[in-house]
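Observations on the three-dimensional arrangement
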Number of protein chains: 2
Amino acid sequence: MAETVEVKRPKTTVTPDEPRKALDFSNLLGDAKRRTQTPIKSLYNLFFLPGMLNLSAGLPHPSTFAFRSLSASVPDGPSSPSSRPLTSMSIPFLPSADSDAINKTIALTHSLQYGTTRGIPAYQAFVRQHTQEIHAPPYADWDVIGTVGNTDALSKAIGLIGSPGDTMLVDEWTYPAAVDTAQSHDVRLGPVSMDEQGMLPDALDQVLTNWTSTYGPDRPVPKMIYLVPTGQNPTGATMPLERRRAIYAQAQKHNLIIFEDDPYYYLQYADYQSPETRDNDHPDAQPGLSGLLPSFLSLDVDGRVIRMDSFSKILAPGSRTGWITASKQFLPYIEFHNETTVQQPSGLSQALLTELLTNVWSHKGWSDYLKQLQFDYFRRRNLFVDLVHRYLDGLADYVVPEAGMFVWLRPRFPQALLAPYPDPAPSSKGQSEAEAAASPKPIMPQVLDAMVEARVMLIPGYFFAGQIDRTERVNAPYLRAAFSFTKPEEFEPALQRLAGVLRQFDCGIE
Amino acid sequence: MAETVEVKRPKTTVTPDEPRKALDFSNLLGDAKRRTQTPIKSLYNLFFLPGMLNLSAGLPHPSTFAFRSLSASVPDGPSSPSSRPLTSMSIPFLPSADSDAINKTIALTHSLQYGTTRGIPAYQAFVRQHTQEIHAPPYADWDVIGTVGNTDALSKAIGLIGSPGDTMLVDEWTYPAAVDTAQSHDVRLGPVSMDEQGMLPDALDQVLTNWTSTYGPDRPVPKMIYLVPTGQNPTGATMPLERRRAIYAQAQKHNLIIFEDDPYYYLQYADYQSPETRDNDHPDAQPGLSGLLPSFLSLDVDGRVIRMDSFSKILAPGSRTGWITASKQFLPYIEFHNETTVQQPSGLSQALLTELLTNVWSHKGWSDYLKQLQFDYFRRRNLFVDLVHRYLDGLADYVVPEAGMFVWLRPRFPQALLAPYPDPAPSSKGQSEAEAAASPKPIMPQVLDAMVEARVMLIPGYFFAGQIDRTERVNAPYLRAAFSFTKPEEFEPALQRLAGVLRQFDCGIE
């Protein structure tokens, strides 16, 4: 049985006003140990000594850069998406911008050059200040680093804490690329049961408390947990504050590093109300930047959260730009990992995003923009759920999402159809060949075939199983519906077709 | 002693006009085996069946994208860099562009969306055609995939062929990030001697032939070799065609996969002539796109080259955009690796680069642009080498580069100063403590201190040693000079200061 782990906090003088430093997690580092600062960087400070004539820099001169200015048209202030007024913004070249200006000015001279592997300084400064304003991490020594999106960020977090043979705990139903990313590091998955509010704290406690008795002494006790706390993919679950606190407490008890992957954080929206009494159908009822749920980072007194934010769902996936917020114990290894991989996000992307967020919109403009975006998702969610209610009531159970893009449906198949793949987690490995031959064909691939036949497409739940061998969950009775991309006028015929498919399988017949 | 390895070519019907398929290298795959296609992708074709109503796509709708159009000013045609006329180019949004248009049109609707992890189709199409025109790989089943630059590409190549404990062969002096990248994969380095034309084929043969007798049977014989064939960093060496052929023959003999990292390929320029008789001082004397040396890829009848190209040195490092060309046996694993990391290069970068190269410049315009760029580097190289000749003749040996950014200097230190760190590759591990204490302080850190004191900065050679423990080469008498970034008017005072430093160490005194 795993013991509760005690972690020593580094000795530090604490004043009442000053948050404490992060706990010392150096004993949890995994493959991070492979990553060190490239020795040549030890020389960088010398390059900038007064009067230095520098024949060191293996960089192209900015006069050779092909892009001499950049401009974009962007939405200016809140309005309906179809009639948003546009404004234009530009990034100048500033060939004579000196190294002092780099911290204040967004100029192609700097943002198109090789640079720090943490992101261009103006981008770092913006996301650092934004993170302070939104999350106010309750420990002293945190910072940010630019990423090319949350999947790469997760790969780097796993490459920091994980080693081959380790296990990453995940929701029972989770983002498929998280499973694939763990696998690419030779890291195994440990699925934990969940309900409509996300992962169950007691289930997490049980998995860890019984780890060694379940898996034997040779399988290392997990030290990392992957969570998508807001509008989770695929279940749409958003963890309320109390659930977040309870999961964080388990992470403290079992000394876990939390990978908080939160791409849908800004896609929180107002409550679902039934159409007859709906009175929140306007942008001002949306949370904007000020009404968002507290993140795990905002609860993180220990410095055990590696939070991953992304502009993919807010500004555009193609920007390939996000950031990690974490303890300064961890960030150097992420930076070294950037040095041997991506270097930093595209300077074109960083320059455009930073100019937009700092100089065109600023905090207030961004909040207004988000309210409009949240309102778009709010209306899609409302329409979709209204229609799910109309066409699927009695055929399937579902939970109304408060954030993100997904509704997780649980069709009411007759119990007989689900055998011999009971939910949760079955395994057919114990079956004899004769038993297997006698078993009915698993239900969900049949449902998939019937959906294709009826020309309506949802993703069967087993594609999201939080384990390498997803086929073990092939009979789990779930379907993921996404309402973010499809034309709203297609919602109704799609759900009518789905209802027809579910009736073919006798759903809802007691 | 390692045997020459025989490799079977897959059976295929060959017609005289048709190049053969690549050899089967599946037995050389390393960590690639950790990477598989995410199962959900098996459904993608179903999404596009006629009449399908799709509730599968977990994508933001393009109407939520913040960038509604993008434009840039770019050089229009060849001219002197200071007076290049600019032209403007734009990327439209095209909200109604359908999926047919995606292959022909560059539109933000598509390039800002999630997409294929190979790059946007128009970008892939451009680099595929360009690769055919420039390199004409002499086997049938090659293709391209977008990357975020050559360092990430190298990391993915190592993650394809390498496994922990493997060895990557490298030049004795090599790009430091290649060493760090190998280390981050727990892959060791095998340095091979070189001369002014790059790696020595006989040395490569000897290292491999004697591998097992040198390192014992437990250290796997290397299956990958890393080369920067053009304007190599740090030595500036460009391998002539005969050297490339000889190295390729060794790769065939010993069944090596070649990682061809060629960021300086387009920075080839006309010969150095002494100032008195110089008659090639104009852009038309530069190679453009048509006069470039054949690459390893262009010699690759077997499909054993993984070539990495980058726009960093041509258009701008901040674009973070390049591409890999390799056999279709290898590319799926790179694509799976992209799926769990970067996804693809920034869509903003890809859209801007593709529009510039295909619609603004096209092949001819790009070639003209390159001639101008090559001429910029040509003039810098000429001025720098003229001054090296004036100030360092007798103090240091050097080779005049034909491509890239670097001059590799070998100061003529008195032999006594170099002991006890003879060149090549020494090791102090055999020394007793008493011997070590009696040894003089290694020379190159002293030279570094003296350069800092004199306010001139070049990088000592040991920072480029092709091995994890670079301090073993701390007394190797080399300095790397970069002439790409420094203001040309600083070349002369910098080299005067360097000459003063070298005289302090009695360089050139027989």
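Just so it is clear, the structure is predicted and the values come from calculations on it, not from any experiment.

To continue, consider the overall build of chain A. Along chain A, the regular secondary structure elements total 14 helices and 17 strands. Burial analysis of chain A (510 residues in total) assigns 61% to the buried set. Contacts spanning at least 24 positions in sequence make up 74% of the contacts within chain A whose residues lie at least 6 apart.

Let's shift gears to the sheet that holds strand β14 (residues 406-411) of chain A. Residue and element names in this part refer to chain A. Strand order in the open sheet made by the four strands is β13-β14-β17-β16, with antiparallel pairing throughout. Each having just a single partner strand, β13 (396-398) and β16 (459-460) make up the two edges of the open sheet. Summarising the sheet, β14 and strand β17 (residues 479-482) pair through four bridges and their orientation is antiparallel. When the sheet's bridge partners are listed, Phe-406 is paired in β17 with Ala-482. Each of β13, β14 and β17 touches helix α10 (residues 347-392); the most contacted strand, β14, lies at about 10° to it.

In the segment running from Asn-233 of chain A into Pro-234 of chain A, the intervening peptide bond is cis, with an omega of 15°. Relative to the assigned elements, Pro-234 of chain A resides in the loop between β9 (224-227) and α8 (241-253). One non-glycine residue, Asn-255 of chain A, adopts positive backbone phi at about 55°. With respect to the element layout, Asn-255 of chain A can be found in the loop between α8 and β10 (257-261). Residue classification places Asn-255 of chain A among the buried residues on the basis of a relative accessible area of 4%. Not every positive phi belongs to a glycine, and Gln-343 of chain B is a case in point at roughly 70°.

Attention now goes to helix α6 (residues 201-209) of chain B. Here α6 of chain B has its buried residues at Pro-201, Ala-203, Leu-204, Asp-205, Leu-208 and Thr-209 of chain B. On its buried face, α6 of chain B sits against β5 (167-171), β6 (188-192), β8 (198-199), α7 (211-215), β9 (224-227) and α8 (241-253) of chain B.

The axes of two packed helices give the description: the angle between them and the distance between them. All names here are of chain A. Contact pair helix α4 (residues 150-161) / helix α9 (residues 331-339): the axes reach a minimum separation of 10 Å and the direction vectors enclose 120°. The two elements α4 and α9 cross, and the hand of that crossing is right-handed. Taking contact as the criterion, the partners of Ser-155, Lys-156, Ala-157 and Leu-160 in α4 are, on α9, Tyr-333, Ile-334, His-337 and Asn-338. Looking at side-chain class alone, the contact of α4 with α9 contains four nonpolar, three polar and one charged residues.

With that settled, consider the packing of aromatic side chains. Residues and elements named next belong to chain A. Per the stated rule, a full pass over the model turns up 44 aromatic pairs over all chains. On the basis of an interplanar angle of 85° and a centroid distance of 5.1 Å, the ring pair of Phe-384 and Phe-491 is categorised as edge-to-face. Here Phe-384 is found in helix α10, whereas its partner Phe-491 is found in helix α14 (residues 491-504), with 107 residues between them in sequence. As far as burial versus exposure is concerned, Phe-384 and Phe-491 are alike and both buried. Three or more aromatic residues link up through ring pairs in this structure, and these residues are Tyr-123, Phe-126, Tyr-265, Tyr-266, Phe-311, Trp-323 and Trp-366. Here the guanidinium or amino end of Arg-219 rests over the ring plane of Tyr-215, the centre of that ring lying 4.6 Å away.

With respect to the helices and strands, Arg-320 of chain B occurs in the loop between β11 (305-310) and β12 (322-327). No salt bridge is formed by the buried Arg-320 of chain B, whose closest oppositely charged neighbour, Asp-152 of chain B, lies at an N-O distance of 8.0 Å. Polar side-chain contacts of Arg-320 of chain B include one of 3.5 Å to the backbone oxygen of Val-342 of chain A. Residues contacting Arg-320 of chain B, with those up to four places away along its chain left out, are Tyr-114, Val-342, Gln-343, Gln-344, Pro-345 and Ser-346 of chain A together with Thr-147, Val-148, Gly-149, Ser-312 and Pro-345 of chain B.

On to the relation of the copies chain A and chain B, then. When chain A is fitted to chain B, the best match, at an RMSD of 0.0 Å, comes from turning it 180° and sliding it 0.0 Å along the axis. Such a combination of turn and shift is consistent with a two-fold rotation axis. Residues of chain A ranked by C-alpha distance from the rotation axis are headed by Ser-71 of chain A, positioned 2.6 Å from it. Taken as a fraction of all interface residues of chain A, those also at the interface in chain B reach 100%, which identifies the copy contact as same-surface.

Residues and elements named next belong to chain B. With respect to burial, β11 is a largely interior element, six of its six residues being buried. Of the pairings in the sheet, the one linking strand β10 (residues 257-261) to β11 comprises four bridges and is parallel in character. In the strand pairing of β11, Phe-259 is matched with Ile-306. Pairing geometry for β11 and β12, over four bridges, is antiparallel. Among the inter-strand pairings, Asp-309 is bridged to a residue of β12, identified as Trp-323.

Moving on to the interface of chain A and chain B. Opposite the 112 residues of chain A that make contact, chain B presents 112 residues. Of the roughly 9000 Å² buried between chain A and chain B on both sides combined, carbon and sulfur atoms contribute 62%. Looking at the side of chain A facing chain B, the largest losses of area belong to Leu-53, Leu-55 and Met-457 of chain A, adding up to 10% of the total buried there. Across the pair Arg-34 of chain B and Asp-186 of chain A runs a salt bridge, and its minimum N-O distance is 3.8 Å. Counting every contact that joins chain A to chain B gives 48 residue pairs in polar contact (both at pLDDT 80 or more).

What follows is about the pattern of salt bridges. Opposite charge on two side chains makes pairing possible when the charged atoms of those side chains draw close. Under the criterion given, the structure shown has 44 salt bridges over all chains. The closest approach of N and O atoms between Arg-307 of chain A and Asp-309 of chain A, which form a salt bridge, is 2.7 Å. On the basis of relative accessibility, which here comes to 0%, the residue Asp-309 of chain A falls in the buried class. The partner of Lys-41 of chain B in a salt bridge is Glu-339 of chain B, and the shortest N-O contact between them spans 3.0 Å. In this pair, Lys-41 of chain B sits in the segment before α1 (44-47) while Glu-339 of chain B sits in helix α9 (residues 331-339), placing the two residues 298 residues apart along the sequence. Summarising the burial analysis for this pair, Lys-41 of chain B and Glu-339 of chain B share the class buried. Residues joined in a network through salt bridges with shared partners are Arg-118, Arg-128, Asp-143 and Glu-335 of chain A.

Rules of the game
As a convention, each chain's residues are numbered from 1 in the sequence order in which they are written. Written order decides the labels, with chains lettered from A and ligands numbered from 1. In view of the model being predicted, local features appear only for residues whose pLDDT reaches at least 70, and side-chain atom pairs are presented and counted only at 80 or more, with totals across whole chains, interfaces and linings using the full set of residues. The side-chain quantities take in all heavy atoms of the structure and omit both hydrogens and water. Labels follow the DSSP assignment, with helices taken as runs of H or I lasting at least four residues and strands as runs of E lasting at least two, numbered in each case from the N terminus. Under the scheme applied here, a residue whose accessible area is under 20% of the maximum for its type counts as buried, over 50% as exposed, and between as partly exposed, the area being computed with a 1.4 Å probe on protein chains only. In what follows, residue pairs with any heavy atoms lying within 4.5 Å of each other are defined as contacts. Being paired, for any two strands, means DSSP has found at least two bridges between them. Fitted lines through C-alpha atoms serve as axes, helices being fitted only where they are in contact, and the angles separating the N-to-C directions of these axes extend from 0 to 180 degrees. Crossing handedness: left-handed means the near helix sits turned counterclockwise from the far one by under a right angle, and right-handed means the same turn made clockwise. Residues were grouped as follows: Ala, Val, Leu, Ile, Met, Phe, Trp, Tyr, Cys and Pro as nonpolar; Asp, Glu, Lys and Arg as charged; and all remaining residues, including Gly, as polar. Planes of paired rings set the category: under 30 degrees apart is stacked, over 60 is edge-to-face and the rest tilted, where pairs are Phe, Tyr or Trp rings (Trp by its six-membered ring) whose centres lie within 6.5 Å. Only when the NZ of Lys or the CZ of Arg is both within 6 Å of the ring centre and within 35 degrees of the ring normal is a charge said to sit over the ring. Counting rule for charge: Lys and Arg are taken as positive, Asp and Glu as negative, and neither His nor the chain ends is counted. We define a salt bridge as a contact between a side-chain nitrogen of Lys or Arg and a carboxyl oxygen of Asp or Glu at a distance within 4 Å. Under this definition, polar contacts are N or O atom pairs within 3.5 Å; protein pairs additionally need one hydrogen-donor-capable and one acceptor-capable atom, and for neighbouring residues in sequence, both atoms have to be side-chain atoms. Only residues with pLDDT of at least 70 in both copies contribute their C-alpha atoms to the least-squares superposition of the copies. Put simply, buried area is the surface a 1.4 Å probe can reach on two separate parts but cannot reach once they are joined, added for both.

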